[in-house]
Amino acid sequence: PPPPAAPLIAVPFTTYPGVESGPTFSPDGSQVAFVWSGEKPPDTAGIYVKRIGPGPPLRITTGPGFGPAWSPDGQFIAFLRPLANRKLGVFLIPPLGGPERQVGEIRPDPGAASLTPGNLTWSADCKGLVVAEVANPSEPQALLVLSVETGEKKRLTTPPPLLRGDASPALSPDGRRLAFNRFAARGVGQLYVLDLSADLRPQGEPVRLHPESSSRPAWTPDGREIVFASRGGLWRIAASGAGKPQALGAVGQDGSQPAIARAGPPRLVYVRQSTDQNIWRLDLSQPGAQASPFAASTRREWTPQFSPDG
(Lines give C-alpha, C1' and ligand atoms only; values in the text may rest on other atoms or scores of the structure.)
Protein backbone atom coordinates (compact mmCIF):
# COMPACT_ATOMS: atom_id res chain seq x y z
CA PRO A 1 0.00 0.00 0.00
CA PRO A 2 1.13 3.58 -0.58
CA PRO A 3 2.58 5.42 2.41
CA PRO A 4 0.16 7.66 4.31
CA ALA A 5 -0.08 11.20 2.96
CA ALA A 6 1.50 13.98 4.96
CA PRO A 7 -1.05 15.97 6.96
CA LEU A 8 -2.22 19.22 5.42
CA ILE A 9 -1.41 22.36 7.38
CA ALA A 10 -3.36 25.56 6.68
CA VAL A 11 -1.81 28.96 7.43
CA PRO A 12 -3.30 32.43 6.82
CA PHE A 13 -2.32 34.04 3.51
CA THR A 14 -4.17 37.35 3.99
CA THR A 15 -5.37 38.92 7.24
CA TYR A 16 -6.62 42.24 5.96
CA PRO A 17 -9.74 44.06 7.14
CA GLY A 18 -12.72 43.66 4.86
CA VAL A 19 -13.31 40.76 2.47
CA GLU A 20 -10.77 38.88 0.33
CA SER A 21 -12.07 36.37 -2.23
CA GLY A 22 -11.62 34.80 -5.67
CA PRO A 23 -7.98 33.63 -5.46
CA THR A 24 -6.05 32.47 -8.54
CA PHE A 25 -2.41 31.29 -8.74
CA SER A 26 0.28 32.57 -11.07
CA PRO A 27 1.57 29.86 -13.45
CA ASP A 28 4.67 29.23 -11.32
CA GLY A 29 2.67 29.10 -8.08
CA SER A 30 4.62 31.93 -6.43
CA GLN A 31 1.88 34.59 -6.45
CA VAL A 32 -1.86 34.85 -5.90
CA ALA A 33 -4.26 37.35 -7.44
CA PHE A 34 -7.48 37.97 -5.53
CA VAL A 35 -10.29 40.43 -4.89
CA TRP A 36 -10.09 42.71 -1.86
CA SER A 37 -12.79 45.10 -0.70
CA GLY A 38 -10.10 47.52 0.49
CA GLU A 39 -8.89 48.89 3.78
CA LYS A 40 -12.05 50.90 4.43
CA PRO A 41 -15.69 49.94 3.72
CA PRO A 42 -16.24 52.73 1.11
CA ASP A 43 -13.26 51.50 -0.92
CA THR A 44 -14.08 49.92 -4.27
CA ALA A 45 -13.21 46.24 -4.45
CA GLY A 46 -10.42 45.59 -6.93
CA ILE A 47 -7.88 43.00 -8.05
CA TYR A 48 -4.69 42.64 -5.98
CA VAL A 49 -1.56 40.51 -6.44
CA LYS A 50 0.55 39.20 -3.56
CA ARG A 51 3.58 36.93 -3.44
CA ILE A 52 3.58 33.87 -1.19
CA GLY A 53 5.18 34.97 2.08
CA PRO A 54 5.56 38.38 3.73
CA GLY A 55 4.99 41.66 1.95
CA PRO A 56 2.08 43.92 1.04
CA PRO A 57 -0.30 43.26 -1.86
CA LEU A 58 -0.20 45.29 -5.08
CA ARG A 59 -3.44 46.68 -6.45
CA ILE A 60 -3.43 46.31 -10.24
CA THR A 61 -6.90 47.57 -11.23
CA THR A 62 -7.96 51.20 -10.99
CA GLY A 63 -11.67 50.39 -10.90
CA PRO A 64 -13.84 47.56 -9.56
CA GLY A 65 -13.26 43.98 -10.61
CA PHE A 66 -13.89 40.38 -9.59
CA GLY A 67 -13.45 36.80 -10.80
CA PRO A 68 -9.70 37.03 -11.65
CA ALA A 69 -8.01 34.28 -13.68
CA TRP A 70 -4.24 34.19 -14.36
CA SER A 71 -3.35 33.14 -17.91
CA PRO A 72 -1.22 29.97 -18.29
CA ASP A 73 1.57 31.96 -19.96
CA GLY A 74 1.60 34.50 -17.11
CA GLN A 75 1.05 37.48 -19.40
CA PHE A 76 -2.40 38.61 -18.24
CA ILE A 77 -4.99 38.40 -15.52
CA ALA A 78 -8.56 38.29 -16.80
CA PHE A 79 -11.37 39.68 -14.67
CA LEU A 80 -14.99 40.84 -14.76
CA ARG A 81 -16.34 44.36 -14.20
CA PRO A 82 -19.96 45.57 -14.02
CA LEU A 83 -21.02 47.76 -16.94
CA ALA A 84 -23.74 50.38 -17.12
CA ASN A 85 -26.01 48.22 -19.29
CA ARG A 86 -26.34 45.46 -16.63
CA LYS A 87 -23.75 43.42 -18.44
CA LEU A 88 -20.29 42.38 -17.30
CA GLY A 89 -17.20 43.41 -19.18
CA VAL A 90 -14.37 40.90 -19.61
CA PHE A 91 -11.03 42.67 -19.19
CA LEU A 92 -7.33 41.77 -19.36
CA ILE A 93 -4.56 43.47 -17.38
CA PRO A 94 -0.83 42.70 -16.90
CA PRO A 95 0.04 41.14 -13.51
CA LEU A 96 2.01 44.24 -12.49
CA GLY A 97 -0.79 46.59 -13.48
CA GLY A 98 -1.01 48.86 -16.49
CA PRO A 99 -3.47 49.45 -19.30
CA GLU A 100 -6.70 47.46 -19.06
CA ARG A 101 -8.15 45.99 -22.26
CA GLN A 102 -11.77 44.94 -22.66
CA VAL A 103 -12.07 41.82 -24.82
CA GLY A 104 -15.81 41.23 -24.56
CA GLU A 105 -18.95 41.45 -22.48
CA ILE A 106 -21.42 38.94 -21.10
CA ARG A 107 -24.96 39.04 -19.73
CA PRO A 108 -25.30 37.09 -16.45
CA ASP A 109 -28.56 35.71 -15.10
CA PRO A 110 -30.23 38.75 -13.48
CA GLY A 111 -32.63 36.71 -11.35
CA ALA A 112 -30.26 34.46 -9.38
CA ALA A 113 -27.54 35.92 -7.17
CA SER A 114 -26.12 32.43 -6.59
CA LEU A 115 -25.74 31.95 -10.35
CA THR A 116 -23.18 34.67 -10.89
CA PRO A 117 -20.68 33.70 -13.59
CA GLY A 118 -18.07 33.02 -10.92
CA ASN A 119 -14.47 32.56 -11.91
CA LEU A 120 -13.18 32.72 -15.47
CA THR A 121 -10.93 30.01 -16.88
CA TRP A 122 -8.34 30.20 -19.67
CA SER A 123 -7.85 27.82 -22.58
CA ALA A 124 -4.48 26.06 -22.65
CA ASP A 125 -3.30 28.17 -25.63
CA CYS A 126 -4.36 31.45 -23.92
CA LYS A 127 -6.54 32.39 -26.89
CA GLY A 128 -9.91 31.94 -25.20
CA LEU A 129 -11.77 32.32 -21.92
CA VAL A 130 -14.69 30.18 -20.78
CA VAL A 131 -17.46 32.48 -19.53
CA ALA A 132 -21.05 32.05 -18.31
CA GLU A 133 -23.82 33.99 -20.03
CA VAL A 134 -27.56 34.13 -20.65
CA ALA A 135 -27.39 34.40 -24.43
CA ASN A 136 -31.18 34.29 -24.78
CA PRO A 137 -33.60 35.52 -22.06
CA SER A 138 -35.74 32.42 -22.56
CA GLU A 139 -32.82 30.02 -21.99
CA PRO A 140 -30.79 29.08 -18.89
CA GLN A 141 -27.32 30.49 -18.35
CA ALA A 142 -24.77 28.53 -20.42
CA LEU A 143 -20.99 28.30 -20.78
CA LEU A 144 -19.28 29.74 -23.84
CA VAL A 145 -15.72 30.25 -25.11
CA LEU A 146 -14.87 33.91 -25.64
CA SER A 147 -12.01 34.66 -28.05
CA VAL A 148 -9.66 37.24 -26.51
CA GLU A 149 -8.54 38.19 -30.02
CA THR A 150 -11.88 38.70 -31.81
CA GLY A 151 -14.50 38.77 -29.03
CA GLU A 152 -16.45 36.00 -30.76
CA LYS A 153 -18.26 33.41 -28.62
CA LYS A 154 -18.74 29.68 -29.11
CA ARG A 155 -21.26 27.71 -27.05
CA LEU A 156 -20.02 24.82 -24.90
CA THR A 157 -23.02 23.76 -22.80
CA THR A 158 -26.78 23.70 -23.32
CA PRO A 159 -28.55 23.20 -19.97
CA PRO A 160 -32.06 21.69 -20.03
CA PRO A 161 -34.78 24.39 -20.22
CA LEU A 162 -36.12 23.91 -16.68
CA LEU A 163 -32.74 24.43 -14.98
CA ARG A 164 -31.22 27.71 -13.84
CA GLY A 165 -28.01 27.14 -15.78
CA ASP A 166 -24.24 26.60 -15.62
CA ALA A 167 -21.53 28.59 -13.83
CA SER A 168 -18.00 28.47 -12.34
CA PRO A 169 -16.12 26.83 -15.23
CA ALA A 170 -12.67 25.26 -14.72
CA LEU A 171 -10.62 23.77 -17.56
CA SER A 172 -8.28 20.87 -16.86
CA PRO A 173 -4.52 21.51 -17.23
CA ASP A 174 -4.50 19.95 -20.72
CA GLY A 175 -7.59 21.93 -21.74
CA ARG A 176 -9.53 18.81 -22.76
CA ARG A 177 -12.04 18.60 -19.88
CA LEU A 178 -14.31 21.24 -18.42
CA ALA A 179 -15.57 21.05 -14.84
CA PHE A 180 -18.46 23.31 -13.86
CA ASN A 181 -21.52 23.67 -11.64
CA ARG A 182 -25.02 23.09 -13.04
CA PHE A 183 -27.77 24.74 -11.04
CA ALA A 184 -31.18 23.07 -10.87
CA ALA A 185 -32.47 25.77 -8.53
CA ARG A 186 -31.19 28.86 -6.79
CA GLY A 187 -28.21 27.95 -4.62
CA VAL A 188 -28.25 24.26 -5.61
CA GLY A 189 -25.44 23.48 -8.04
CA GLN A 190 -24.03 20.05 -8.88
CA LEU A 191 -20.57 19.16 -10.18
CA TYR A 192 -20.34 18.15 -13.87
CA VAL A 193 -17.48 17.41 -16.28
CA LEU A 194 -17.60 17.81 -20.07
CA ASP A 195 -15.05 16.33 -22.49
CA LEU A 196 -13.72 18.70 -25.17
CA SER A 197 -11.87 18.38 -28.44
CA ALA A 198 -8.53 20.06 -29.09
CA ASP A 199 -10.36 23.08 -30.58
CA LEU A 200 -12.72 23.30 -27.56
CA ARG A 201 -15.80 21.65 -29.02
CA PRO A 202 -18.07 19.52 -26.80
CA GLN A 203 -17.58 15.77 -27.03
CA GLY A 204 -20.76 14.07 -25.85
CA GLU A 205 -22.90 15.19 -22.92
CA PRO A 206 -21.69 16.45 -19.52
CA VAL A 207 -21.33 13.79 -16.82
CA ARG A 208 -22.41 14.49 -13.25
CA LEU A 209 -19.67 13.65 -10.75
CA HIS A 210 -21.38 14.56 -7.48
CA PRO A 211 -25.12 14.72 -6.70
CA GLU A 212 -24.90 17.13 -3.75
CA SER A 213 -24.66 20.91 -3.91
CA SER A 214 -21.14 22.09 -4.78
CA SER A 215 -19.33 25.16 -6.07
CA ARG A 216 -16.10 26.42 -7.68
CA PRO A 217 -14.23 23.31 -8.90
CA ALA A 218 -10.42 23.34 -9.18
CA TRP A 219 -8.23 20.73 -10.95
CA THR A 220 -5.14 19.13 -9.48
CA PRO A 221 -1.99 19.66 -11.61
CA ASP A 222 -2.07 16.10 -12.98
CA GLY A 223 -5.72 16.45 -14.03
CA ARG A 224 -6.75 13.33 -12.13
CA GLU A 225 -8.76 14.94 -9.33
CA ILE A 226 -11.06 17.89 -8.75
CA VAL A 227 -11.31 19.85 -5.51
CA PHE A 228 -14.63 21.57 -4.85
CA ALA A 229 -16.57 23.27 -2.08
CA SER A 230 -19.61 21.54 -0.61
CA ARG A 231 -21.26 20.97 2.72
CA GLY A 232 -18.65 20.85 5.46
CA GLY A 233 -15.80 22.52 3.56
CA LEU A 234 -13.59 21.33 0.66
CA TRP A 235 -13.66 17.88 -0.94
CA ARG A 236 -11.62 16.04 -3.58
CA ILE A 237 -12.99 13.54 -6.09
CA ALA A 238 -11.52 11.55 -8.98
CA ALA A 239 -12.16 13.30 -12.29
CA SER A 240 -13.19 9.93 -13.70
CA GLY A 241 -16.08 9.77 -11.26
CA ALA A 242 -14.74 6.62 -9.60
CA GLY A 243 -14.92 6.39 -5.83
CA LYS A 244 -16.45 8.72 -3.29
CA PRO A 245 -15.40 12.30 -2.47
CA GLN A 246 -12.89 12.71 0.36
CA ALA A 247 -12.97 15.66 2.74
CA LEU A 248 -9.93 17.91 3.16
CA GLY A 249 -10.15 17.91 6.93
CA ALA A 250 -7.42 20.47 7.56
CA VAL A 251 -9.42 23.14 5.76
CA GLY A 252 -12.32 23.21 8.21
CA GLN A 253 -16.02 23.49 7.62
CA ASP A 254 -16.00 27.00 6.20
CA GLY A 255 -13.56 26.53 3.29
CA SER A 256 -14.65 27.67 -0.17
CA GLN A 257 -13.34 28.97 -3.53
CA PRO A 258 -10.32 26.64 -3.88
CA ALA A 259 -7.45 27.29 -6.30
CA ILE A 260 -4.49 24.94 -6.85
CA ALA A 261 -0.99 25.84 -8.03
CA ARG A 262 0.02 23.97 -11.20
CA ALA A 263 3.76 24.43 -10.68
CA GLY A 264 6.18 24.94 -7.84
CA PRO A 265 5.51 23.54 -4.35
CA PRO A 266 2.12 21.80 -4.06
CA ARG A 267 -0.18 24.52 -2.75
CA LEU A 268 -3.89 25.05 -2.28
CA VAL A 269 -5.32 28.50 -1.57
CA TYR A 270 -8.92 28.93 -0.47
CA VAL A 271 -11.31 31.32 1.23
CA ARG A 272 -12.53 30.94 4.78
CA GLN A 273 -16.12 31.88 4.17
CA SER A 274 -17.19 33.71 7.28
CA THR A 275 -18.77 37.12 7.59
CA ASP A 276 -16.28 39.78 8.65
CA GLN A 277 -18.15 41.13 11.67
CA ASN A 278 -16.26 43.21 14.21
CA ILE A 279 -17.15 44.97 17.47
CA TRP A 280 -16.80 48.75 17.43
CA ARG A 281 -16.81 51.32 20.22
CA LEU A 282 -18.41 54.79 20.20
CA ASP A 283 -17.95 57.43 22.93
CA LEU A 284 -21.43 58.92 23.33
CA SER A 285 -20.15 61.70 25.60
CA GLN A 286 -18.24 63.28 22.71
CA PRO A 287 -20.47 65.03 20.10
CA GLY A 288 -19.48 64.02 16.59
CA ALA A 289 -17.19 61.23 17.79
CA GLN A 290 -16.29 58.51 15.30
CA ALA A 291 -16.58 54.80 16.03
CA SER A 292 -13.34 52.85 16.38
CA PRO A 293 -12.62 49.08 16.33
CA PHE A 294 -12.71 47.45 19.76
CA ALA A 295 -12.44 43.72 18.91
CA ALA A 296 -11.60 42.94 15.29
CA SER A 297 -10.12 40.15 13.22
CA THR A 298 -10.67 38.40 9.89
CA ARG A 299 -13.31 36.19 11.54
CA ARG A 300 -16.54 37.10 13.40
CA GLU A 301 -17.04 38.97 16.66
CA TRP A 302 -20.59 39.76 17.71
CA THR A 303 -23.10 40.09 20.60
CA PRO A 304 -21.18 42.53 22.81
CA GLN A 305 -22.25 42.99 26.45
CA PHE A 306 -21.04 45.55 28.98
CA SER A 307 -19.95 44.54 32.46
CA PRO A 308 -22.09 46.08 35.26
CA ASP A 309 -19.48 48.76 35.98
CA GLY A 310 -19.12 49.62 32.29
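Provided above is the structure to which this section pertains.
Residues numbered from 1 in each chain as written. Predicted model: local features only at pLDDT ≥ 70, side-chain atom pairs only at ≥ 80, totals over all residues. Heavy atoms only, no water.

**Student:** Would you mind showing me how to read the overall build of the protein chain here?
**Tutor:** Within the protein chain, the regular secondary structure consists of zero helices and 24 strands. In terms of overall size, the protein chain behaves like a compact globule, its C-alpha atoms giving a radius of gyration of 21 Å where 310 residues would be expected to give roughly 19 Å. Along the three orthogonal principal directions, the C-alpha set of the protein chain runs to about 70 × 55 × 40 Å. For the protein chain, with 310 residues in total, the buried portion stands at 43%. For the protein chain, the exposed area adds up to about 16,700 Å²; of that, 55% sits on carbon and sulfur atoms. (Helix = DSSP H or I, 4+ residues; strand = E, 2+ residues; numbered from the N terminus. Rg over C-alpha atoms; globule rule 2.2 N^0.38 Å. Buried < 20%, exposed > 50% of the residue type's maximum accessible area, 1.4 Å probe, protein only. Areas by Shrake-Rupley, 256 points an atom, 1.4 Å probe, with all protein chains shown as cover.)

**Student:** Help me out: how do you make sense of the pattern of salt bridges in this one?
**Tutor:** Applying the stated criterion across every chain yields a total of nine salt bridges. Between Arg 201 and Asp 199 there is a salt bridge, with its nearest N and O atoms 3.1 Å apart. The closest approach of N and O atoms between Glu 212 and Arg 231, which form a salt bridge, is 3.2 Å. With a gap of 19 residues between them, Glu 212 in the loop between β16 (202-210) and β17 (214-219) and Arg 231 in the loop between β18 (225-230) and β19 (233-238) connect regions that are remote in the sequence. For Arg 231, a relative accessible area of 62% puts it in the exposed group. (Salt bridge = Lys/Arg side-chain N within 4 Å of Asp/Glu carboxyl O.)

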